Amino acid sequence: MKRHLIAVGVTLIALAAWVGTATAADDPPWGADQALGQLAGTLQGAPAMGTAGQTASNASLPAGISGSVSTGSGSSSANQDATNTADADASNKSSTDQDATATQTGGSSSCTSGCGGAGQSQVIDQSALTKQDADADAAAKQDAVNANVPVTIAGGSVWGGSSSATQDATNTADADASNKSSTDQDATATQTGGSSSCKSGCGGAGQSQVIDQSAKTKQDADADAKAKQNAVNANVPINIAGGSVSGGTSSADQTADNSADASANNKSTTDQDATATQTGGSSSCKSGCGGAGQSQVIGQSAKTKQDAEADADAKQNVVNANVPVSIAGGDVNGGTSSATQTATNKADADASNRSKTDQDATATQTGGSSDCRSGCGGNGQEQDVDQRSKTDQDADADATAKQNAVNANVPVRIAGGDVNGGSSSATQNVSNRADADASNKSKTEQDADVTQTGGGSRCWSGCGGNGQEQHVDQSSKTDQDADADATAKQNAVNANVPVSIGGASKGHGSKGREALVDGSGSSSATQDVSNQADADASNRSKTEQDADVTQELGESSCFSGCGGNGQEQDVDQRSKTDQDADADATAKQHAENANVPVSISGKGPSGSGSSSADQTARNRADADASNKSKTEQDADVTQASGKSKCWSGCGGKGQEQNTAQKSKTKQRGDADAWAKQKLLNVDSPLTLSLGRKAEGKRGVMPV
């Protein structure tokens, strides 16, 4: 399979500013206009693939074919260390910084009469689009064989010697797909009006500011890790139509680790800061002057979409065996079974989405002072702040761990002599675990600080009232889906099973004698097995909306016929959260710790040794589906009317405040845990057909 890595860089477009001024008394009205646009687009695709295939064979294979000689391999004490690793890392890291600073400063005017008011306009547009795809696949496949296999066909006796070989096998597959993006948008717009000494018939100064910030982030992370391990540590002397077989003592050590880790992470941080400041200059117009106007508009939009999928599959087959085999030959002696087997199988899947969105808007309007004798228009101030944050997160984690562990001492005799299994004191420690974690964590903070301060006014008669208007709209929508599935399946066998099938042994007269199965050694094998499936699907969202809206009128001194001041404030906060969590954990365990001498069509087995085998089995399934959302909405709305001195015919003041807060939370949690356990701890000598009564003490067989 071919993969393509695509990285497309950042495109930055900057639109310059135009500035013009006029201050002479006879010049046309002067104004300043600024437009600044910034566009940043980032597209990143990072596929990664790691494949490791290992076949390790450490074998001693002495063979004798058709002869009367004996074959003896001696003791099996070979050491084998096998490590197989596949690592795949696909990561996208993008950082986008947009800084816009627009400053306008109006010059002073000494126009005497009939002058147009100064105008200032600022427009800042910032757009950042980030798209990231990360795909990581890691596959590790390991076959490790550490074997002592002496073979004779139609020849003499076979001596396998003691089995004390050491085998360490490690197989790991790691897949990490991560997307990390950081977007910073800073806009600072400042307008400062110059002073005016127009005496009569002057137009009012106007200031306008518009800031638009848009940040859209889309992230897809897919991680697949597959680890497959087959580890065999065996002492297998074989005799076909020949003499006796002696397997010797089985005390081999086998350590097998198989691990599959898949991690798919999306982490995005979006910071939007807008600071808009308007400061009006002073005016000393005496009569017939137009009122100054100030307008501010701030729009902040942040949309984040994150998809994370992690699949971890760990499959382990581990065999630690001492198996002397005789077919149509002499006696079989398996020796004492005290082999140690430690097998660990683990599958970890982690799919997480973490997004953080900060939106800060600071809008400040300060009106200049006015000194008007008569017929002057009132000042006007308007502020609009719109903050929108939408977060969509999907997390899917699947972990599957399948383990088959066999630690066996199995001398086998087919149509021949006696079978001696010896004492069984083998130790088996096996652990199988599947962990699936699907989590969505989003944090949204929206802060709006809107301030209007009217300048002082001195008017003698016929002056218009001042007006202030503020609108703050905060909307936060969060949609989270988390799905975690963990499946752990374990089959553990720790067995001492001497077997004889059919026939009489040779060399004991024409009639021969009945074959004997001797399992009379004590059964004190230790088996410790652990099987666990953990599924955790969690959604955690935090939404904070803070609006601080302040209107303050300056002092007014009017003698007659003055219009009343007006103030209006509207604050709308909306927070909608939708969360789905689904966790499924399945743990299935089958553990057998057995001493089972078997005779089929021969003399009854002797199993009179004590059965004191220890078996510890733990099977657990945990499913946790949790939805945790926190929403905070704070609105602080303040209107302060300045002092007014009016002698006659003055209009009344008006104040209006509207605050709407809506928070809707919908949560669905579904958790299913299923644990199935089957245990067998038995000392069970068994005979089938033509044999004598079995001799031995039966053990305990809890199921």
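Residues numbered from 1 in each chain as written. Predicted model: local features only at pLDDT ≥ 70, side-chain atom pairs only at ≥ 80, totals over all residues. Heavy atoms only, no water.

A. Expanded view of the overall build of the protein. The number of helices and strands found in the protein is 0 helices and 38 strands. The proportion of buried residues among the 703 residues of the protein is 46%. By sequence separation, contacts in the protein at least 24 residues apart represent 92% of the contacts at least 6 residues apart. As presented, the protein carries roughly 28,300 Å² of accessible surface, and 49% of it is formed by carbon and sulfur atoms. (Helix = DSSP H or I, 4+ residues; strand = E, 2+ residues; numbered from the N terminus. Buried < 20%, exposed > 50% of the residue type's maximum accessible area, 1.4 Å probe, protein only. Contact = heavy atoms within 4.5 Å. Areas by Shrake-Rupley, 256 points an atom, 1.4 Å probe, with all protein chains shown as cover.)

B. Focus on the packing of aromatic side chains. The full count for this structure, using the stated rule, is 2 aromatic pairs. Ring centres 4.3 Å apart and planes at 10 degrees place the aromatic pair Trp-460 and Phe-559 in the stacked group. In this pair, Trp-460 sits in strand β23 (residues 457-461) while Phe-559 sits in strand β30 (residues 556-560), placing the two residues 99 residues apart along the sequence. Look at Trp-460 and you get partly exposed, because its relative accessible area is 34%. Where Phe-559 meets Trp-647, the ring centres are 5.7 Å apart and the plane angle is 15 degrees; that geometry is what we call stacked. Here Phe-559 is found in strand β30, whereas its partner Trp-647 is found in strand β35 (residues 644-648), with 88 residues between them in sequence. (Phe/Tyr/Trp six-rings, centres within 6.5 Å; stacked < 30°, edge-to-face > 60°.)

C. Highlighting the state of the cysteines. For the structure shown, the criterion picks out 7 disulfides. Put simply, Cys-285 and Cys-289 are joined by a disulfide, and their sulfur atoms are 0.9 Å apart. Because the sign of the S-S torsion sets the handedness, a value of about -55 degrees for the bond joining Cys-285 and Cys-289 places this disulfide among the left-handed ones. Accessibility assignment for this pair places Cys-285 and Cys-289 in one class, buried. The residue that forms a disulfide with Cys-372 is Cys-376, at a sulfur-sulfur distance of 1.0 Å. Disulfide Cys-372 to Cys-376: torsion about the S-S bond roughly 50 degrees, handedness right-handed. A relative accessible area of 8% means that Cys-376 is categorised as buried. (Disulfide = S-S within 2.5 Å.)

D. Structural context of the side chain of Gln-579. Assignment of secondary structure puts Gln-579 in strand β31 (residues 566-595). Assessed through its relative accessible area of 0%, Gln-579 is described here as buried. A distance of 2.8 Å separates polar atoms of two side chains, one belonging to Gln-579 and the other to Gln-667. Not counting residues within four places of it along the chain, the set of residues in contact with Gln-579 comprises Gln-480, Asn-539, Arg-540, Ser-541, Asn-627, Lys-628, Ser-629, Lys-666, Gln-667 and Arg-668. (Polar contact = N/O pair within 3.5 Å; in protein donor to acceptor, adjacent residues only side chain to side chain.)

E. Broad picture of the pairing of strand β13 (residues 253-279). Of the strand pairs in this sheet, strand β9 (residues 166-192) and β13 are connected by 27 bridges, and their pairing is parallel. Residue pairing for β13: Ser-181 is matched across the bridge by Ser-268. Bridge analysis of β13 against strand β17 (residues 340-366) gives 27 bridges, and the strand direction is parallel. Paired with Gln-272 across the bridge in β17 is Gln-359. (Pairing = 2+ DSSP bridges.)

F. Local environment of a negative patch on the surface. Residues Asp-449, Asp-548, Asp-634 and Asp-636 make up a contiguous surface patch of negative charge. Relative to the helices and strands, Asp-449 resides in strand β22 (residues 427-453). (Patch = residues over 30% accessible without salt bridge, like charges linked within 9 Å, V, L, I, M, F, W, Y side chains within 5 Å. Salt bridge = Lys/Arg side-chain N within 4 Å of Asp/Glu carboxyl O. Lys, Arg positive; Asp, Glu negative; His and termini not counted. Charge placed at Lys NZ, Arg CZ, Asp CG, Glu CD.)

G. The arrangement of the layout of surface pockets in detail. By volume, the second largest pocket amounts to about 290 Å³. For the second largest pocket, the lining is made up of 20 residues, of which Gln-316, Lys-402, Gln-403, Asn-404 and Asn-491 are closest to its centre. Among the secondary structure elements, those contributing two or more residues to the lining of the second largest pocket are β6 (119-148), β10 (206-235), β14 (293-322), β19 (380-409), β24 (467-496), β31 and β36 (654-683). The residue makeup of the lining of the second largest pocket, split by class, is no nonpolar, 11 polar and 9 charged. (1 Å grid on protein atoms, 1.4 Å probe; cavity = no way out; pocket = protein on both sides within 12 Å on 5 of 7 lines; lining within 4 Å. Points joined across faces, edges and corners; volume = space filled by probe spheres on them. Nonpolar A, V, L, I, M, F, W, Y, C, P; charged D, E, K, R; others polar.)

H. A look at the sheet that holds strand β18 (residues 370-374). One open sheet holds the 4 strands; their spatial order is β18-β23-β30-β35, and the pairing between them is parallel. The sheet is open, and its two borders are formed by β18 and β35, each paired with just one other strand. Taking the axes of each pair of neighbouring strands and ignoring which way they run, one obtains an average angle of 0 degrees across the sheet. Taken together, the 4 bridges between β18 and β23 define a ladder with parallel strand orientation. (Axes fitted to C-alpha atoms, helices over the stretch in contact; angles between N-to-C directions.)

I. Broad picture of the environment of Gln-126. Following the sequence through the fold, Gln-126 ends up in strand β6. In the structure, Gln-126 is positioned 88 residues away from Ser-214 in sequence and 6.1 Å away in space, judged by C-alpha atoms. In this structure Gln-126 touches Gln-38, Gln-98, Asp-99, Ala-100, Gln-185, Asp-186, Ala-187, Asp-212, Gln-213 and Ser-214, once residues within four positions along its chain are discounted.

J. Quick peek at the pairing of β30. With 4 bridges connecting them, β23 and β30 associate as parallel partners. Looking across to β30, one finds that Ser-457 is bridged to Ser-556. With 4 bridges joining them, β30 and β35 adopt parallel strand pairing. Paired with Cys-558 across the bridge in β35 is Cys-646.

K. Quick peek at the environment of Glu-632. In this structure, Glu-632 sits in strand β34 (residues 614-640). Those residues in contact with Glu-632 that lie beyond four places of it in its chain are Thr-543, Glu-544 and Gln-545.

L. Up close: the sheet that holds β9. The 7 strands are arranged β5-β9-β13-β17-β22-β29-β34 in an open sheet whose pairing can be described as parallel. In this open sheet, the two edge strands, each paired with only one partner strand, are β5 (79-105) and β34. Across the sheet, the mean angle separating the axes of adjacent strands is 0 degrees when strand polarity is ignored. One ladder, built from 27 bridges, connects strand β29 (residues 526-552) with β34; its direction is parallel. Residue pairing in the sheet places Asp-528 in a bridge with Thr-616 of β34.

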